[in-house]
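Remarks on the overall topology
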Amino acid sequence: ALVGGMIKKPDEDLKRTLYAKNPAFPNGVPIVYADWRRVGPDDLLPGGLATVFPGIRAETSWGTNGVTDASSPTLLIRLKPGQTVKARKGQAGFGWPAENPEFVAFSKICTHAGCPASLYDQVTTKLLCPCHQSQFVVLEDAKPVFGPATRALPKLPIDVVVGDDGSQYFVARSDFQEAIGPAFWTRGRKK
């Protein structure tokens, strides 16, 4: 009990990642691969998936950057033609394009225990977390349908901008609107 009283729940810290609005990127935080290459719409085939990160090279006060920060891994998914996502309340325009999105992005961090939920079945559009077998249906905005996870994967609002080279690149319009990671961190929060 004595030690438990000294442990601080992260609460709002779970809603802040390096995708947060940044004055250095007025058009949105660039989305990059682990080797810092910018991610564009032509990079993924329909039904494809990529792990991406915020393009923030500067180190944080805790010694990480966009690619090495534990809060940052994100799944960018290109839907197949004819597939549509049933968006959660307030998140209809989070994909790209905003109307009838072809691309969606979700936190890769499972909402059960924080493992990487990144095994993707294109046929069923389910993401699987290999640690405890939670399954999330992408077409239902990453809603959990099997396993111990009880909360959907947080969705990242994305957009596309034209770079200096004339190519299109993804950016995060803002940070995740929901807490990332395990659900147990958000239990008992005061609203």
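Residues numbered from 1 in each chain as written. Predicted model: local features only at pLDDT ≥ 70, side-chain atom pairs only at ≥ 80, totals over all residues. Heavy atoms only, no water.

Take the nonpolar core next. Counting residues in each nonpolar core, the largest one holds 22 residues, and the members touching the most others are Tyr 19, Ile 31, Val 52, Leu 76, Leu 156, Ile 158 and Phe 170. Secondary structure elements with two or more residues in this core: β1 (29-32), β2 (49-54), β4 (103-107), β9 (158-162) and β10 (168-172). Ile 77, Cys 110, Ala 142 and Leu 153 belong to the second-largest nonpolar core, a separate cluster that totals 17 residues. (Core = buried A, V, L, I, M, F, W, Y, C linked by side-chain atoms within 4.5 Å. Buried < 20%, exposed > 50% of the residue type's maximum accessible area, 1.4 Å probe, protein only. Helix = DSSP H or I, 4+ residues; strand = E, 2+ residues; numbered from the N terminus.)

Another point: the confidence of the model for the protein. Per-chain confidence: the protein averages 88 in pLDDT, with 87% of residues scoring 70 or above. Averaged pLDDT values over the elements of the protein bottom out at 92 in strand β5 (residues 119-121) and peak at 98 in β10. Low pLDDT, under 50, characterises residues 187-191; the predicted model gives this stretch six contacts beyond four residues in sequence or across chains. (pLDDT = per-residue confidence, 0-100. Contact = heavy atoms within 4.5 Å.)

So, on to unusual backbone geometry. Here the residue pair Trp 96 and Pro 97 is connected by a cis peptide bond, since its omega of -10 degrees sits within 30 degrees of zero. Relative to the helices and strands, Pro 97 resides in the loop between β3 (74-78) and β4. Although it is not a glycine, Gln 133 adopts a positive phi angle of roughly 70 degrees. Its location among the elements puts Gln 133 in the loop between β6 (126-128) and β7 (135-137). Unusually for a residue other than glycine, Asp 141 sits at a positive phi of about 55 degrees. Looking at where Asp 141 falls in the secondary structure, it is placed in the loop between β7 and β8 (143-146).

With that out of the way, let us pick up the state of the cysteines. The tally for this structure, following the rule as stated, stands at one disulfide. For Cys 115, the disulfide goes to Cys 131, at an S-S distance of 2.2 Å. Disulfide Cys 115-Cys 131: the torsion about the S-S bond is -105 degrees, which places it as left-handed. Taken together, the residues span a long stretch of sequence, with Cys 115 in the loop between β4 and β5 and Cys 131 in the loop between β6 and β7 at a distance of 16 residues. With relative accessibility at 38%, the residue Cys 131 sits in the partly exposed group. Unpaired in terms of disulfides, Cys 110 finds its nearest cysteine sulfur in Cys 129, a separation of 3.8 Å. Its relative accessible area of 1% is what places Cys 110 among the buried residues. (Disulfide = S-S within 2.5 Å.)

To continue, consider the pairing of β10. Taking burial as the measure, the five residues of β10 include four buried ones, the bulk of the element. The antiparallel pairing of β9 with β10 creates a hairpin that spans five residues between the two strands, and Gly 166 there sits at a positive phi of about 85 degrees. (Pairing = 2+ DSSP bridges.)

Within this structure, the stated rule accounts for four aromatic pairs. Relative to Phe 176, the ring of Tyr 19 has its centre 5.8 Å away and its plane inclined at 85 degrees; by these criteria the two rings are edge-to-face. Highlighted residues: Tyr 19 in the segment before β1 and Phe 176 in the segment after β10, separated in sequence by 157 residues. Across the pair, exposure class does not vary: Tyr 19 and Phe 176 are buried alike. One aromatic cluster is present, formed by Trp 96, Phe 103 and Phe 170 through successive ring pairs. (Phe/Tyr/Trp six-rings, centres within 6.5 Å; stacked < 30°, edge-to-face > 60°.)

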